[in-house]
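Breakdown of the fold
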Amino acid sequence: MTKEEKKQSQLNRATLFAGGLQGLRNQRQNRFELWLLAVVVVLLALIIVPKGGLIPNYYIPGDIATRDIKSPRDLLIEDAPLTEAKRAEAADNSPIIYRFDATAGARSLEQVGETFHLFTVRQSGVESIDYDEFLSQLEDELGISLIAADFQETLSFFANQNVTILADKLLHPVFALPIVANLQKFKVDRDSGIVVIDTQDERDLDQRLFTGTIGLNDALSLANEKLLQIPEVTTAQQQLLLELVTQQLSPSLVFDQLETDQRQALAREQVAPVLFQVKKGEMVVREGARVTAEQIVKLQEIRDSGRDNRSIQTAAGLIICSLLLIYVGFYFAKRNISKFCPDLRDLLFLAGVAVSLFVLIKISIFIAAGVGTNFAYIESSAYLYAIPFALGAMLVRIVLNSETAFLFSVCCAILAGVLFGNSLLMAFYVLTSSLVGAHGVRHCQRRTTLYRAGLWIGLINVAMIIGIHLLSGRNFELQLLWKLGFGMLGGISSAVIVNGTIPLVELLFKYTTDIKLLELANMNAPILRELMIEAPGTYHHSILVGNLAEAAAEAVNANPLLTRVAAYYHDIGKIKKPLYFIENSGGQRNKHDKLTPSMSALILTSHVKDGIDLAREHRLGSEIIEIIQQHHGTGLIKFFYERAKNQSDPGVQQVDERDYRYHGPKPQTREAALIMLADAVEAASRTLTDPTPARIQGMVQKLINNIFIDGQLNECDLTLKDLNLIAKSFNRILSGSFHHRVDYPEPVHIVREKNGNSEPGVVKEKVRTKSANSDRKPPEAAQDPEAATAKDSSEDLKRLGIS
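Because the structure is a prediction, the values reported are computed rather than measured. (Residues numbered from 1 in each chain as written. Predicted model: local features only at pLDDT ≥ 70, side-chain atom pairs only at ≥ 80, totals over all residues. Heavy atoms only, no water.)

Observations regarding the overall build of the protein
From N to C terminus, the protein includes 31 helices and 10 strands. Classification of the 803 residues of the protein by burial places 41% in the buried group. Within the protein, contacts between residues separated by at least 24 positions form 79% of all contacts whose residues are at least 6 apart in sequence. (Helix = DSSP H or I, 4+ residues; strand = E, 2+ residues; numbered from the N terminus. Buried < 20%, exposed > 50% of the residue type's maximum accessible area, 1.4 Å probe, protein only. Contact = heavy atoms within 4.5 Å.)

Structure below.
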């Protein structure tokens, strides 16, 4: 295997291993994102779901109220005692159900006849009768006691067919009457209202049919009277007949307990609850007063109405919906929005802002409820418009970007609508306020920008409140003025809170906001003063790079402030070895003349690492550190690379180009790319001997093309159109920097001294001639174009050392 093959194999293994590590990091990050999302959603559910207010518990009537309490909403409260009384009354008024069996009497007579027939069968079927045994059998079958002494006579009596026919005829009128078991209860129920149902066809019968209803005892008395009409009946036989009738007689009119209970239950269910209304803002109890039973019911209802969503089912539903909302929004933005690429720090920041915002909203709701009870002339809902809903989106926009702030605003607005009782109008209000706030602080380079954004939020809040008021169908009233005032206060308070929160965010999350950049832009910063003293050429170069990069950033809609400030600090690493960079040599001998090309390249590349260390030491922020690391990309130090190739022995191993390249990475953002371009252009502009606009334009275009061809801009989102705008911006700035001055005439007395004793008129003529041609440069000596080019190239290399 050749050396080149071994090197390629090692490179492939390194690439594979690096990809495995990156894949492992991605998996860990994905797991962390999912866990963070789950925690945030659960916390938001715990904040949003409980709706209870600060309503104290009063357990018994007579407790003293500790403060005034007003109803936070319109309520319909059930009067439980009155409702129960009405339901009991409905149950009492429900008809009592009886069932009438018209065949009951006939079946009783039939059973008596079968008893007579039984006596006849038993007597005729036995030739030699053992009366004791026969008596015992009849008693078992009939269920009555028989007297042995009169048994022979009883058998003869029942065996007589005339007796059977006569008994049936006498008992039929009695058994045909409606017979009830308890006549007294029947009469009471009839007075209350009864319904008699025919057991045969389940139809209601006319109650007039039952005016002659008799009780069971009355029926037996009538049967006894009828049985006395049978001729030649003895007392024992009459008693036996009565026992038989008593045994077989059953009531034809029976009380139906089950049906009655069902109808009473139905009647109770049909009674609607008795409700009394409590209007929103109505004073329920006053401080120092004794709490009544009715007030306790109202207070309990207020607490219960606020806890309608405090259930596991509602919480689970909210968690599912919130999880899908945030995850789908995050996934869509990450796949479709190029600027949306949050890292773990950004995700932690977004989670903290979201949870803090909803905690603030929840606390504000409780405060509004408490304040509303003390100021009865202002609706409690009016105070809610003073909540600084926009502060979350403003913080996200200041720290991150507009795309992230938009997604954050949409998610928070929807969840805020859920928090306020699934209110779509409140979701509109929160979303509009958040978007206006995020737009107002898009380039927050002064503290006044925050308050200007707060004022705009307040004005939009006022317009939204008017729209919501009209949508609610309410007329213009005094409460609307209070709401408008609180809406304006909500906008101003957002700005005030954000102004005080930004330093805390910068401290906790190590962000570099525009306000932090303004502080870093102070030229009296310690690191910049050290740069000015130790490396004055680099200091001046950094200021010019900042001017070029800032103008280009404005042309391509990048962040001008970040670009300018990062340009100030991009070469602070040269403080460590300032004399090894040509701009700081001050005309001294070039120190690289005594060094090998590889050592010179190592010194030049080390200023990037030194700059990163100094930036971390002075806490300049991750954005500036990344730009310092990327502002040379993986560019080639061409001068020392060519020198190394010229000095190398052709028979020995060739010079490796990678040893003469910066370690990178390539610029990842437009701001880093702009500083790379501005750095190269400003350095090259120093080599122009006659910086005319045409030469400046050619130099700028050549440098940008070389950097583009070298692939240094492959990993940032600059387009060809952007590069064209950047070139125009550089040309305009450099043309202004290298403009020609007017050659003003010298004073007359100096001209006289230079011209000796010349006549005054001649002197005036000379001065006038010089003044007339002051905007023209004197002709230069003709130069060999190739020699001029060689000289320019030499100067370029001396000046740049990195081109």
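A closer look at the state of the cysteines
This structure, assessed with the given rule, holds 0 disulfides. No disulfide involves cysteine 411; its sulfur sits 6.9 Å from the nearest other cysteine sulfur, which is in cysteine 412. Judged by its relative accessible area of 7%, cysteine 412 is buried. (Disulfide = S-S within 2.5 Å.)

A short note on helix H15 (residues 402–419)
Counted at 1.5 Å a residue, the expected span for H15 with its 18 residues is 26 Å, and the 25 Å between its end C-alpha atoms agrees. Those residues of H15 lying buried are Thr404, Ala405, Leu407, Phe408, Ser409, Cys411, Cys412, Ala413, Leu415, Ala416, Gly417 and Leu419. Structurally, the start of H15 carries an N-cap: the backbone nitrogen of glutamate 403 is 3.4 Å from a side-chain oxygen of asparagine 401. Just downstream of H15, glycine 421 is the residue with a positive phi angle, here 75°. (Expected span 1.5 Å × (residues − 1). Polar contact = N/O pair within 3.5 Å; in protein donor to acceptor, adjacent residues only side chain to side chain.)

Points about the packing of helix H12 (residues 312–336) against H15
Between H12 and H15, the least distance of the axes is 10 Å, while the angle of their chain directions is 165°. Taken together, H12 and H15 sit at an angle that is classed as roughly antiparallel. Viewed along their axes, H12 and H15 form a crossing whose handedness is right-handed. The residues of H15 that touch H12, namely those facing Leu318, Ser322, Leu325, Ile326, Gly329, Phe330 and Ala333, are Leu407, Cys411, Ile414, Leu415 and Val418. Classifying every residue of the contact of H12 with H15 gives 10 nonpolar, 2 polar and no charged. (Axes fitted to C-alpha atoms, helices over the stretch in contact; angles between N-to-C directions. Parallel < 35°, antiparallel > 145°, perpendicular 65-115°, else oblique. Left-handed = near helix turned anticlockwise from the far one by under 90°. Nonpolar A, V, L, I, M, F, W, Y, C, P; charged D, E, K, R; others polar.)

Remarks on a nonpolar patch on the surface
A cluster of nonpolar side chains, contributed by Leu34, Ile320, Leu324, Tyr327, Val328 and Tyr331, occupies part of the molecular surface with about 610 Å² of accessible area. Ranked by residue count, the leading element in the nonpolar patch is H12, at 5 residues. Residue position: tyrosine 327 is located in helix H12. Judged by relative accessible area, which is 39%, tyrosine 327 ranks as partly exposed. (Patch = residues over 30% accessible without salt bridge, like charges linked within 9 Å, V, L, I, M, F, W, Y side chains within 5 Å. Areas by Shrake-Rupley, 256 points an atom, 1.4 Å probe, with all protein chains shown as cover. Salt bridge = Lys/Arg side-chain N within 4 Å of Asp/Glu carboxyl O.)

Some points on the pattern of salt bridges
The final tally for this structure, using the stated rule, is 19 salt bridges. Where lysine 609 meets aspartate 613, a salt bridge forms, and the shortest distance between an N and an O atom there is 3.4 Å. Of this pair, lysine 609 and aspartate 613 both sit in helix H23 (residues 597–617), 4 residues apart, roughly one helical turn. With relative accessibility at 33%, the residue aspartate 613 sits in the partly exposed group. Glutamate 657 is the partner of arginine 661 in a salt bridge, and the nearest nitrogen-oxygen pair spans 2.7 Å. What makes glutamate 657 partly exposed here is its relative accessible area of 30%. Through salt bridges with shared partners, a single ionic network connects Arg99, Glu202 and Asp256.

Let's talk about unusual backbone geometry
Generally, phi is negative for residues other than glycine and the peptide bonds are trans, each holding for most cases. Residues glycine 664 and proline 665 are joined by a peptide bond in cis, for which omega reads 5°. Within the secondary structure, proline 665 is located in the loop between helix H25 (638–647) and helix H26 (670–685). The phi angle at lysine 510 is positive, at roughly 60°, despite the residue not being glycine. With respect to the secondary-structure elements, lysine 510 resides in the loop between helix H18 (478–509) and helix H19 (514–520). Phi angles above zero are rare outside glycine, and asparagine 557 is one such case at about 60°. In this structure, asparagine 557 sits in the loop between helix H21 (536–555) and helix H22 (560–569).

Remarks on the packing of aromatic side chains
Each aromatic ring pair is described using two quantities: the centre-to-centre distance and the angle formed by the ring planes. Taken as a whole and judged by the stated rule, the model has 15 aromatic pairs. Between phenylalanine 349 and phenylalanine 509, the ring centres sit 5.5 Å apart and the planes meet at 80°, which makes this aromatic pair edge-to-face. Placement of the pair is phenylalanine 349 in helix H13 (residues 344–374) and phenylalanine 509 in helix H18, with a sequence separation of 160 residues. We classify phenylalanine 349 as buried; its relative accessible area is 1%. On the basis of relative accessible area, phenylalanine 509 is assigned to the partly exposed category, the value being 21%. Summarising the aromatic geometry, the rings of tyrosine 641 and tyrosine 660 are spaced 5.9 Å apart at their centres and angled 55° between planes, so their arrangement reads as tilted. (Phe/Tyr/Trp six-rings, centres within 6.5 Å; stacked < 30°, edge-to-face > 60°.)

Some words on the packing of H21 against H22
Two numbers describe how H21 lies on H22: the axes approach to 8 Å, and their chain directions differ by 160°. When the axes of H21 and H22 are compared, the pair comes out roughly antiparallel. In the crossing of H21 with H22, the sense of the turn from one axis to the other is right-handed. Two secondary-structure elements touch here, H21 through Ser542, Ile543, Val545, Gly546, Ala549, Glu550, Ala553 and Glu554 and H22 through Pro560, Thr563, Arg564, Ala567 and Tyr568. Grouping the constituent residues of the contact of H21 with H22 by class yields 7 nonpolar, 3 polar and 3 charged.

Observations concerning the pairing of strand S2 (residues 75–78)
With burial as the criterion, only one face of S2 is covered, namely that bearing Leu75 and Ile77; the residues Leu76 and Glu78 on the opposite face remain uncovered. The sheet contact formed by S2 and strand S9 (residues 275–278) spans 4 bridges and is antiparallel. Across the sheet, residue leucine 75 finds its bridge partner in S9, namely valine 278. (Pairing = 2+ DSSP bridges.)

Some thoughts on the environment of histidine 632
Following the sequence through the fold, histidine 632 ends up in the loop between helix H24 (622–630) and H25. Considering only alpha carbons, one finds histidine 632 and lysine 666, 34 residues apart in sequence, at a separation of 7.4 Å. Engagement of the side chain of histidine 632 in a polar contact is seen with the side chain of histidine 607, the distance being 3.5 Å.

Examining the pairing of strand S3 (residues 96–100)
Across a regular strand the side chains alternate sides, sitting on one face of the sheet and then on the other. Across the 5 residues of S3, 4 count as buried, placing the element largely inside the fold. Where S3 meets strand S8 (residues 253–255), 3 bridges bridge the pair, whose relative direction is antiparallel. Its bridge partner lying in S8, arginine 99 is registered against valine 254.

Here's the deal with the nonpolar core
If you look at the biggest cluster of nonpolar residues, it comprises 69 residues, and the most contacted ones within it are Phe349, Phe358 and Leu450. Counting only elements with at least two residues in this core, the list comes to helix H1 (3–48), H12, H13, helix H14 (391–399), H15, helix H16 (424–440), helix H17 (447–471) and H18. Beyond its immediate sequence surroundings of up to four residues, phenylalanine 349 is in contact with Leu395, Val396, Val399, Leu400, Val505, Phe509 and Tyr511. Listed in part, the 67 residues of the second largest apolar core include Ala558, Ile675, Met676 and Ala684. (Core = buried A, V, L, I, M, F, W, Y, C linked by side-chain atoms within 4.5 Å.)

Describing the confidence of the model for the protein
With 76% of its residues at a pLDDT of at least 70, the protein reaches an overall mean of 79. Confidence drops under a pLDDT of 50 for residues 14–22, and excluding neighbours within four residues, the segment shows 0 contacts in the predicted structure. Note that pLDDT drops below 50 for residues 758–803; the model gives that stretch 43 contacts with residues more than four away or on any other chain. (pLDDT = per-residue confidence, 0-100.)

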